[in-house]
Amino acid sequence: MCVTAVESRPAGVLGTSPGHRPFGTRVMAFVALTKPRIIELLLITTVPVMFLAEQGVPSLWLVLVTCVGGYLSAGGANALNMYIDRDIDALMDRTSQRPLVTGMVSPRECLVFGITLGVVSTLFFGLLVNWLSAALSLGALLFYVIVYTMLLKRRTTQNIVWGGIAGCLPVLIGWSAVRNELSWAAVILFLVIFFWTPPHYWPLSMKVADDYARVGVPMLPVVAGNKVVARQIVLYSWVMVGVSLLLTPLGYTGWFYTSVALLAGGWWLWEAHALHARAKSGVTGAKLKEMRLFHWSITYVSLLFVAVAVDPFLR
């Protein structure tokens, strides 16, 4: 599905002249370009996998440099995403205060900043961690910027499904940082995040569907009714929970991880089916309570990956 280009007001529409950009505010604007809250989620999946790969406590220096490298890489990807999406960000309520829209950062500055972070992060990983992790990090950045932002986001309802692969790669980076190789455990956790991403993001998309519709971005809730979206959420949720339980029979985790995966996954499925029931009955607006699942999805992935880190100590 293709969408037409968006006619938008220029970035910086809210107006910030160079003489009225305090240094401290400018620094915070560049930090905002990296989308720190999103990176928190990426690190939540990276660090616990390092504990699983080590089957104990990994080198704290290695954890530190992996986190720093991951922040730089993801921050560069996010900055480049904002550079590319500055036209639609200016028209969407939820993105109207981003630095390029307000004019706190110029498009050229953003582009240079994003490319610099990408180059520095790749060299940082290669020199201080290993080159496999560097390659995976660079791959995640390029996939997010080119495949998701440039090719998928404005063209297909499957944007967040396949574009979400970039957000799965930190799992592989965490494992490779410790082992300098990959394994089925890392692949399974990669797939957990892959199937987690759509039912995590679609509830938020349901909430802000009007924003996406205004700029012609075909997120699934824009082109399909709530009932269809909720049904897809249920399907992806079942697959996600099922995949999360594969670690134990394959010998990578024990009773603690399994217990958390079953309890947290069971609650997720309850919330997903409840959302589907409300959507199926025609509930709309605030009563749909779609954000309940969105907020729980963050708690779920946090609990699951904490269990990944703790489990080696209880076996």
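See the structure above.
Summarised in this report is the structure supplied together with it. (Residues numbered from 1 in each chain as written. Predicted model: local features only at pLDDT ≥ 70, side-chain atom pairs only at ≥ 80, totals over all residues. Heavy atoms only, no water.)

## Considerations on the side chain of S121
Looking at the secondary structure, you find S121 in helix α6 (residues 107-128). Overall, S121 belongs to the buried group, its relative accessible area being 0%. The contacts of S121, once residues within four sequence positions are left out, are G69, L72, S73 and S137. (Helix = DSSP H or I, 4+ residues; strand = E, 2+ residues; numbered from the N terminus. Buried < 20%, exposed > 50% of the residue type's maximum accessible area, 1.4 Å probe, protein only. Contact = heavy atoms within 4.5 Å.)

## With respect to α6
Spanning 22 residues, α6 covers 31 Å between terminal C-alpha atoms, matching the ideal 32 Å at 1.5 Å per step. Burial in α6 covers these residues: C110, G114, L117, G118, S121, T122, F125 and G126. Projected down its long axis, α6 carries its buried residues within an arc of 150°, all on one side. The outward face of α6, more than 90 degrees from its buried face, is lined by the exposed residues R108 and L127. Looking at the buried positions of α6, the neighbouring elements they touch are α1 (23-33), α3 (60-84), α5 (99-102), α7 (131-152) and α9 (165-179). (Expected span 1.5 Å × (residues − 1). Arc of directions from axis to C-beta.)

## Notes on the packing of α3 against α7
α7 packs onto α3 with a crossing angle of 15° between their chain directions and a minimal axis gap of 9 Å. Overall, the two elements α3 and α7 adopt an arrangement that is roughly parallel. Crossing geometry of α3 relative to α7 is assigned as right-handed. Two secondary-structure elements touch here, α3 through S73, G76, A77, N78, L80, N81 and I84 and α7 through S137, L141, Y144, V145, Y148, T149 and M150. Considered class by class, the residues forming the contact of α3 with α7 number eight nonpolar, six polar and no charged. (Axes fitted to C-alpha atoms, helices over the stretch in contact; angles between N-to-C directions. Parallel < 35°, antiparallel > 145°, perpendicular 65-115°, else oblique. Left-handed = near helix turned anticlockwise from the far one by under 90°. Nonpolar A, V, L, I, M, F, W, Y, C, P; charged D, E, K, R; others polar.)

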